[in-house]
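Structure assessment
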Amino acid sequence: MLIPNQSNVTYNAVVPNEGTIPGSLASNTVNTEILSYAISKTLSCDKTWVREGETAHNTVTVTNNSAAKLVYTFISNLPPEGISYVAGSIKVNGVSQPSKDMIAGFYLPDLNPGETLTIEYDLKVDAPATLDKVTDVSEFQYTVNVPTGGTVSYREYTEPVTLNVIVAKLNAVKSVD
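Read on for a plain summary of the structure. (Residues numbered from 1 in each chain as written. Predicted model: local features only at pLDDT ≥ 70, side-chain atom pairs only at ≥ 80, totals over all residues. Heavy atoms only, no water.)

1. Here we look at the nonpolar core
For the record, the criterion: Nonpolar cores are built from buried Ala, Val, Leu, Ile, Met, Phe, Trp, Tyr and Cys residues. Side-chain atoms within 4.5 Å join them into one set. Working definition: with a 1.4 Å probe on protein chains only, accessible area under 20% of the residue-type maximum means buried, over 50% means exposed, and in between means partly exposed. A run of H or I in DSSP counts as a helix once it spans at least four residues, and a run of E counts as a strand once it spans at least two, with each numbered from the N terminus. By definition in these notes, contact holds between two residues if any of their heavy atoms fall within 4.5 Å.
Core analysis: the biggest nonpolar cluster contains 29 residues, and M102, F106, L108, I119 and Y121 have the highest contact counts within it. Elements represented by at least two residues in this core include exactly β5 (39–45), β7 (55–64), β8 (70–76), β9 (83–85), β13 (116–125), β15 (139–146) and β17 (161–166). Per-element accounting of this core gives the leading share, five residues, to β13. In this structure I119 touches N58, T59, V60, I75, K91, M102, F106 and L108, once residues within four positions along its chain are discounted.

2. With respect to the pattern of salt bridges
The condition that has to hold: Every case where a carboxyl oxygen of Asp or Glu lies within 4 Å of a side-chain nitrogen of Lys or Arg is listed as a salt bridge.
Scanning the model with the defined rule gives three salt bridges in all. Here K41 ties to E156 by a salt bridge, and the two come within 2.7 Å at their closest N and O atoms. Of the two residues, K41 is situated in strand β5 and E156 in strand β16 (residues 150–157); the sequence distance between them amounts to 115 residues. Pair check on accessibility: K41 and E156 agree, each one buried. Note that K69 and D110 form a salt bridge whose closest N and O atoms lie 4.0 Å from each other. Taken together, the residues K69 in the loop between β7 and β8 and D110 in the loop between β12 (106–107) and β13 connect sequence positions 41 residues apart. Using a relative accessible area of 41% as the deciding quantity, one classes K69 as partly exposed. Under the relative-accessibility criterion, D110 is labelled partly exposed at 35%.

Okay, structure coming up:
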């Protein structure tokens, strides 16, 4: 998001023997980029309902809509209670990354202006006995070289995704009279 900034000056000049002459002057326009709005981070899931033992496929899409190159990009995701990651399920831009770990997090390629990264991973519902829904969110970190201020690091989060958990634990008791 670019925020333009310009100033306007209105004045009255006093000229000897001519009196007061009004005038106005506009400065140059300076644009300030708000990076947190220029970097879109979207988390989506292929399911809205899951049962114990089922797997859900999550996708994080990060797009650099800014004019700056993002370096030292890093992603992590702590699984919600009752959920675990499926080992070896991580893909970055469609390429399998079996040694990567969403809990510990890992570095991603630098992200040039206009580029998009896609990170995919699977979650498994392990122990939802007391849960009726779980919420997942990913953390994205990056650094930007700012021409007037050196490097600046940011830590931002995706919007949360909620999975509704179906818990069907029935006990059948048979009795005889």
